[in-house]
Amino acid sequence: MSNWVRVYTADNPPEAVFVRGLLEAEGIPVRLKSMELWTAAVEIYFAEGARPSVWVPNSALGQAERVLAQRDRRGIGQAWSCRCGESLEAQFTVCWQCGRPRPDHD
Ligand SMILES: [Zn+2]
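Conventions and cut-offs
- Sequence order sets the numbering: in each chain, residues are counted from 1 along the sequence as written.
- Local features in a predicted model are, by the rule used here, given only for residues with pLDDT of at least 70; side-chain atom pairs are given and counted only at 80 or more, and totals for whole chains, interfaces and linings are based on all residues.
- Heavy atoms from the whole structure form the basis of all side-chain values; hydrogens and water molecules are not counted.
- What counts as a helix is a DSSP run of H or I of at least four residues, what counts as a strand is a run of E of at least two, and both are numbered from the N terminus.
- Here's how the labels work: a residue is buried when its accessible area is under 20% of the maximum for its type, exposed when over 50%, partly exposed in between, all with a 1.4 Å probe on protein chains only.
- Residues count as neighbours in contact if any of their non-hydrogen atoms are within 4.5 Å of one another.
- Method for areas: the Shrake-Rupley scheme with a 1.4 Å probe, in which residue coverage is limited to the protein chains shown.
- Here the coordinating atoms are restricted to nitrogen, oxygen and sulfur within 2.8 Å of the metal centre, or 3.2 Å for Na, K and Ca, and because water is not among them the sites may look incomplete.
- A site with four donors is called tetrahedral when every donor-metal-donor angle falls between 85 and 135 degrees; four donors are called square planar, and six octahedral, when opposite donors sit more than 155 degrees apart and all other angles fall between 65 and 115; any other arrangement is irregular.
- Pairing of aromatic side chains requires ring centres within 6.5 Å, counting the rings of Phe and Tyr and the six-membered ring of Trp. Pairs whose planes differ by under 30 degrees are stacked, by over 60 edge-to-face, and all others tilted.
- Working rule: Lys NZ or Arg CZ, within 6 Å of ring centre, within 35 degrees of ring normal, means a charge sits over the ring.
- Two strands form a pair only when DSSP identifies at least two bridges running between them.
- Lines fitted to the C-alpha atoms define the axes, with helices restricted to the stretch that makes contact. Angles between their N-to-C directions range from 0 to 180 degrees.

Caption draft 1: Quick peek at the overall build of the chain. Tallying secondary structure elements over the chain gives three helices and five strands in all. Reading the secondary structure of the chain in the N-to-C direction produces β-α-β-α-β-α-β-β. Expressed as a percentage of its 106 residues, the buried residues of the chain come to 29%. At a minimum sequence separation of 6, the contacts of the chain that also span at least 24 residues come to 50%. Total accessible area on the chain is roughly 7,400 Å²; 49% of this is exposed by carbon and sulfur atoms.

See below:
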């Protein structure tokens, strides 16, 4: 029986499912925990410890961490500069100064 370790805690079930998909695409076995709480009662959303978590076998931990690190690099988290000269944090998709959308870097 493998030892399972948590590699990721998601903010919501769709995010947990998304992360599971990333890991499974690399051939890593994945289990999600706490998901059943979400279907049981929406108000548990606000409860401590109810966020869904993503678990992998201990033997696959290193590989899983690499997959997640790659996700972080290409996902949200990059601050950007608008052509008007405004600097914006990663969570903004539109410049609040001039209204231009965030340019695609890929
Ligand atoms: Zn701008």
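What follows picks up the thread again.
Caption draft 2: Broad picture of the coordination of the zinc ion. Only Cys82 (SG), Cys84 (SG), Cys95 (SG) and Cys98 (SG) from the protein coordinate the zinc ion, and they sit 2.3 Å from it. Bound by four donor atoms, the zinc ion shows angles of 102 to 114 degrees at the metal and therefore tetrahedral coordination geometry. The motif formed by the donor residues of the zinc ion, counted along the single chain, is C-x1-C-x10-C-x2-C. Taken together, the residues Cys82 in the loop between β4 (80-81) and β5 (87-88) and Cys98 in the segment after β5 connect sequence positions 16 residues apart.

Caption draft 3: Seen up close, the packing of aromatic side chains. Considering all chains together, one arrives at zero aromatic pairs under this definition. One residue, Lys33, lies across the ring of Trp55, its end atom 3.8 Å from the ring centre.

Caption draft 4: Fine view of the environment of Ser87. Locating Ser87 in the fold gives a position in strand β5. Residues Ser87 and Gln97 lie 10 residues apart in sequence; the distance between their C-alpha atoms is 9.5 Å.

Caption draft 5: Structural detail: the sheet that holds strand β3 (residues 53-57). Overall, antiparallel pairing links the three strands, which are arranged β1-β3-β2 in an open sheet. Only two strands of the sheet have a single partner each, and these edge strands are β1 (4-9) and β2 (31-33). Strand-to-strand twist of the sheet, defined as the mean angle between neighbouring strand axes without regard to direction, takes the value 35 degrees. Pairing between β1 and β3: five bridges, direction antiparallel. The partner of Val5 across the bridge, within β3, is Val56.

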